[in-house]
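Next come the chains, spelled out residue by residue.
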Amino acid sequence: MKTICIYNHKGGVGKTTTTFNLGWSLANAGKKILLMDFDPQCNLTGVIMGLGRGEDEMEELYSSNSSICTLQKLSDCIAFGRSEQETLAIMSGEPLATNNPNLSCLPGHLSTSDLDQHISLSLKISTGVPATSGLASTLAKTIRALGERYDADIVLLDLSPSIGGLNQVLLLTCDYYIIPCFPDYYCYQAISSLSNKVRQWNEELREHVKRFPETAQMLNLRSKFIGIIMQNFRPRNGRPAKSFQSWIERIYTKFNNEYLKSLQESGMEARILNSICLSEIPDFNSLIAVSQDCGKAVFAIEPDDINSVTNIYGVVKETMMNKVEEFKNIYKQLADEILSSIEE
């Protein structure tokens, strides 16, 4: 089993969209995929349920008699200092099913923001209050145990843009991570601060492991950076339009020259097979609304799905379905690239 985090501390770059569509594509490749929604906004959970669901159905998901295993229970257990075994016993139930039989999800909850605070605090005060030193390792162990419980080949974690302790532990104890990007100035600007933050996180957790050697097995800082995904640009003749291409090239250069260098200097690893960019994915345009409403990946949309959400017919509908096929090919290539990167 492999764990992959989808993260960028720059918000609004399509982390949730990437997690959902990539998970679906990996599932189509025959892998059993478990998604975990660690963003307190719970957008991934909403997309999977279909944004057309009513309030009653959403409340039922988190009720005490629900048969669905959610991250609310994980957050509460870790915050109260429960062990891995106690947490797994309390986290009964099954993952939330999707419209793809190989893809399921542990729904998120607002309480993951509280978990972020607890993990951050425990890492800061553990020297003076040793009883808190195990929270981070319990979190890491429980995530792997959940993936094994549900027979997942790959666990994909959708992280928030937070730079708190929760993302620090999740990112540095996963097997691999991917950084989604948009081709604009703000994403370009964020690379430097992301380089510094990941280096700082790594140094802090290494120091934590030195102070508490018993946590070393699960806090072994194994994560490898495998690339970025460039998305949400307007294409022209099959390539990004000129205004986007300029930022794309600058972002690639900065990742190669600055981010990879920072990883190397801090003793972290990267596994770049062919290019720093795993895939370039153009803007979904109106397909994203259909995808979110019906709870399907963009490339899994069928003609009836378009009819159920829009009043589009004729040539425009045909054009949309042609785009669906384009995205299917793009995501298949992306899934193949990632599987090549992670299968040793």
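Look up: the structure comes first, before these words.
Residues numbered from 1 in each chain as written. Predicted model: local features only at pLDDT ≥ 70, side-chain atom pairs only at ≥ 80, totals over all residues. Heavy atoms only, no water.

> Which residues make up the side chain of S262, and what values do they have?
Position of S262 relative to the elements: it lies in helix 10 (residues 242–265). With relative accessibility at 6%, the residue S262 sits in the buried group. Contact partners of S262, with chain neighbours within four places excluded, come to S195 and R199. (Helix = DSSP H or I, 4+ residues; strand = E, 2+ residues; numbered from the N terminus. Buried < 20%, exposed > 50% of the residue type's maximum accessible area, 1.4 Å probe, protein only. Contact = heavy atoms within 4.5 Å.)

> Before we move on, could you go through the pairing of strand 6 (residues 176–181) and cite the residues and values that matter?
For strand 6, the buried fraction is high: 6 of the 6 residues fall into the buried class. Assessed by its sense of winding, the connection that carries the chain from strand 6 through helix 9 (residues 185–211) to strand 7 (residues 224–231) is right-handed. (Right-handed = clockwise from strand over helix to strand, strands pointing away.)

> So what's going on with the packing of helix 1 (residues 15–28) against helix 13 (residues 314–342)? Residues and values would help.
Viewed as axis vectors pointing N to C, helix 1 and helix 13 meet at an angle of 75°, and their least axial separation amounts to 9 Å. Put simply, helix 1 runs roughly perpendicular to helix 13. Contacts from N21, L22, S25 and L26 of helix 1 reach helix 13 at Y331, K332, L334, A335, I338 and L339. Partitioned by chemical class, the residues of the contact of helix 1 with helix 13 number 7 nonpolar, 2 polar and 1 charged. (Axes fitted to C-alpha atoms, helices over the stretch in contact; angles between N-to-C directions. Parallel < 35°, antiparallel > 145°, perpendicular 65-115°, else oblique. Nonpolar A, V, L, I, M, F, W, Y, C, P; charged D, E, K, R; others polar.)

> Tell me about the nonpolar core, and please be specific about residues and values.
Ranked by internal contacts, the top residues of the largest apolar core, which has 62 residues, are M36, F38, L139, Y177, I228, F255 and Y259. Beyond its immediate sequence surroundings of up to four residues, I228 is in contact with I179, C181, I251, Y252, F255, I276, C277, L278 and S279. (Core = buried A, V, L, I, M, F, W, Y, C linked by side-chain atoms within 4.5 Å.)

> Give me the pattern of salt bridges: which residues, what numbers.
With the rule as written, the count across this model stands at 8 salt bridges. Here D305 ties to K296 by a salt bridge, and the two come within 3.0 Å at their closest N and O atoms. Judged by relative accessible area, which is 16%, K296 ranks as buried. Between K332 and D336 there is a salt bridge; the shortest N-O distance is 3.1 Å. Remark: D336 and K332 occur in helix 13; sequence separation between them is 4 residues, near one turn of the helix. (Salt bridge = Lys/Arg side-chain N within 4 Å of Asp/Glu carboxyl O.)

> Can you explain helix 4 (residues 71–79)? Please cite residues and give values.
Listed as buried for helix 4 are L71, L74, S75, C77 and I78. Against the buried residues of helix 4 lie strand 2 (33–37), helix 5 (84–90), strand 4 (103–106), helix 6 (112–125) and helix 7 (135–149). Among the residues of helix 4, the N-terminal cap falls to T70, whose side-chain oxygen and the backbone nitrogen of Q72 are separated by 3.3 Å. Positive backbone phi, at 75°, marks G81, one or two positions downstream of helix 4. (Polar contact = N/O pair within 3.5 Å; in protein donor to acceptor, adjacent residues only side chain to side chain.)

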